[in-house]
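Descriptive analysis of the structure
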Amino acid sequence: WDWHERLFAHGRELGITIFSAPFDASAVALLESLAAPAYKIASFEIVDTDLVERVAATGKPVILSTGMADLGEIGDAVSAARAAGCEQLVVLHCVSGYPTPAAECNLRTIRDLGERFEAVAGLSDHTLGTAVSVAGVALGANLIEKHVTMRRADGGPDAAFSLEPEELRRLTEECRTVWEALGEAGYERKASERANVVFRRSLYVVEDVRRGEEFTVENVRSIRPGFGLAPKHLRDVVGRKAKRDVARGTAFDWSLVG
């Protein structure tokens, strides 16, 4: 408790958004006195709907962790938060194993949580390393919670499954990269690939063809670069007659046929 005021002050000096997870009404009062901008309900407290309501009644955003809770218990907590006035709710998919085996994560639950409860979905990740968190972002997590320690060797109850600072830096970079990479479903040509269209195949005249001669699979071929007609037009070209003399190496276009 006596760390909180100093920690909040230091966090603000650093420009870090700092908040905490209360476990009873007195803790909510302490955090309100420190102008906490948001609240976290830990997995072990999700069944304490009185606490959920008290936190939600502050009007601050609430992050609700769902470890060990079944669907009904999650629904009760979400309903309690909303009934008490919570308008900004994040629901974190969580497995409260310390550490959590990756095989138990079932990350597809993240998107289901968000859709089922019409809330922002995230992931509270207790696995070792960063891979599961990064995958969580790809599967719909908007917020990642991860334990951090300065040095695992220093020990402590959470040390074994916590990230060290360099790992935290890598996690944030990779999560941001994945978030940017998600984009939207679409098939339009992207800016980075437009210049490479020229390197696709297209139709070229590969032998000299005189006016009136037929174009055939021997004198027209699909090769690079992409300045000619698309290869799909080869069957439309073969059997047509040349409108003029055509030199070997000419990119094929419709002006060549009579």
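Predicted model only: the values in this text are computed from it and were never measured. (Residues numbered from 1 in each chain as written. Predicted model: local features only at pLDDT ≥ 70, side-chain atom pairs only at ≥ 80, totals over all residues. Heavy atoms only, no water.)

1. Considerations on the packing of aromatic side chains
This is how the line gets drawn: Only the six-membered ring of Trp is used, alongside the rings of Phe and Tyr, when aromatic pairs are assigned; centres must lie within 6.5 Å, and planes under 30 degrees apart are stacked while those over 60 apart are edge-to-face, with the rest tilted. Working definition: helices are DSSP H or I runs of at least four residues, strands are E runs of at least two. Numbering for both runs from the N terminus.
Inspection of every chain in the model, using the stated rule, returns 2 aromatic pairs. Seen from their ring centres, phenylalanine 215 and phenylalanine 252 are 4.8 Å apart, and the 75° between their planes marks the pair as edge-to-face. Of this pair, phenylalanine 215 sits in the loop between β6 (202-205) and β7 (220-223) while phenylalanine 252 sits in the segment after α8 (234-237), and the two are 37 residues apart along the sequence.

2. Some words on the pattern of salt bridges
So the rule is basically this: The term salt bridge refers to a pairing of a side-chain nitrogen on Lys or Arg with a carboxyl oxygen on Asp or Glu at a separation within 4 Å.
Following the criterion strictly, the structure yields 9 salt bridges and no others. Note that lysine 190 and glutamate 188 form a salt bridge whose closest N and O atoms lie 3.9 Å from each other. Linked by salt bridges that have partners in common, Glu166, Arg169 and Glu173 make up one network.

3. Description of the packing of helix α4 (residues 71-83) against helix α5 (residues 109-117)
What counts is decided by this rule: Between N-to-C directions, angles span 0 to 180 degrees; the directions come from axes that are lines fitted to C-alpha atoms, helices contributing only their stretch in contact. Small angles under 35 degrees read as roughly parallel and large ones over 145 as roughly antiparallel, with 65 to 115 read as roughly perpendicular and the rest as oblique. Should the near helix be turned anticlockwise from the far one by less than a right angle, the crossing is termed left-handed; should it be turned clockwise, right-handed. Contacts are residue-level and defined by heavy atoms, with any inter-residue pair within 4.5 Å sufficient.
Orientation of α4 relative to α5, taken along the N-to-C sense of each, is 45°, at an axis distance of 12 Å. Between α4 and α5, the interaxial angle falls into the category oblique. Read as a crossing pair, α4 and α5 show a hand that is right-handed. Together, Leu71, Ile74, Gly75, Val78 and Arg82 of α4 and Leu113, Arg116 and Phe117 of α5 make up the contact between the two elements.

4. Details of the state of the cysteines
Rule in force here: Criterion for a disulfide: a pair of cysteine sulfur atoms within 2.5 Å. Three labels apply to residues, based on accessible area from a 1.4 Å probe with only protein chains included: buried if under 20% of the type maximum, exposed if over 50%, partly exposed otherwise in between.
All chains considered together, the criterion is met by 0 disulfides. Left without a disulfide partner, cysteine 94 is nearest to the cysteine sulfur of cysteine 105, which lies 9.5 Å away. Note on cysteine 94: relative accessible area 6%, which makes it buried. Relative accessible area serves as the criterion here: at 7%, cysteine 105 is assigned to the buried category.

5. Comments concerning the sheet that holds strand β2 (residues 62-65)
Formally: Pairing between strands is defined by DSSP: at least two bridges between them are needed.
Taken together, 5 strands build an open sheet; the order of strands is β1-β2-β3-β4-β5 and the sheet is parallel. Looking at strand neighbours, the two that pair on one side only are β1 (39-41) and β5 (144-146), the edges of this open sheet. Here the strands of the sheet are splayed against their neighbours by 25° on average, with no regard to which way each runs. The pairing of strand β3 (residues 89-94) with strand β4 (residues 120-125) spans 5 bridges and is parallel. Each residue of the ladder has a partner; that of histidine 93, found in β4, is leucine 123. This element, helix α6 (residues 131-138), spans β4 and β5 of the sheet and lies at about 170° to β4.

6. Quick look at a nonpolar patch on the surface
We count it as follows: Patch members must show over 30% relative accessible area and no salt bridge, and they are joined within 9 Å when carrying like charges or within 5 Å when they are nonpolar side chains of Val, Leu, Ile, Met, Phe, Trp or Tyr. For the area figures, the Shrake-Rupley method with a 1.4 Å probe applies, and any residue is considered shielded solely by the protein chains shown.
Nonpolar side chains collect at one region of the surface, where Phe44, Met68 and Tyr98 lie side by side and expose about 330 Å² of accessible area between them. Within the secondary structure layout, tyrosine 98 lies in the loop between β3 and α5.

7. Examining the nonpolar core
Here is the rule: In this text, buried Ala, Val, Leu, Ile, Met, Phe, Trp, Tyr and Cys residues form a nonpolar core when linked through side-chain atoms within 4.5 Å.
Judged by nonpolar contacts, the single largest core of 27 residues is most densely connected at Ile41, Val55, Leu64, Ile74, Val78, Leu89 and Val91. Those elements giving two or more residues to this core turn out to be α2 (25-33), β1, α3 (49-56), β2, α4, β3 and α5. With 5 residues, the top contributor of residues to this core is α4. When neighbours within four sequence positions are excluded, valine 55 is seen to be in contact with Pro22, Val28, Tyr39, Ile41 and Val62. Phe215, Leu229, Val246 and Val257 belong to the second-largest nonpolar core, a separate cluster that totals 12 residues.

8. A closer look at unusual backbone geometry
In this structure, proline 99 follows tyrosine 98 across a cis peptide bond, with omega equal to 5°. Residue placement: proline 99 occurs in the loop between β3 and α5. Proline 225 follows arginine 224 through a cis peptide bond whose omega is 0°. With respect to the secondary-structure elements, proline 225 resides in the loop between β7 and α8. Its identity as a non-glycine residue notwithstanding, methionine 68 has a phi of 75°, on the positive side. Tracing the sequence through the fold places methionine 68 in the loop between β2 and α4. Look at methionine 68 and you get exposed, because its relative accessible area is 53%.

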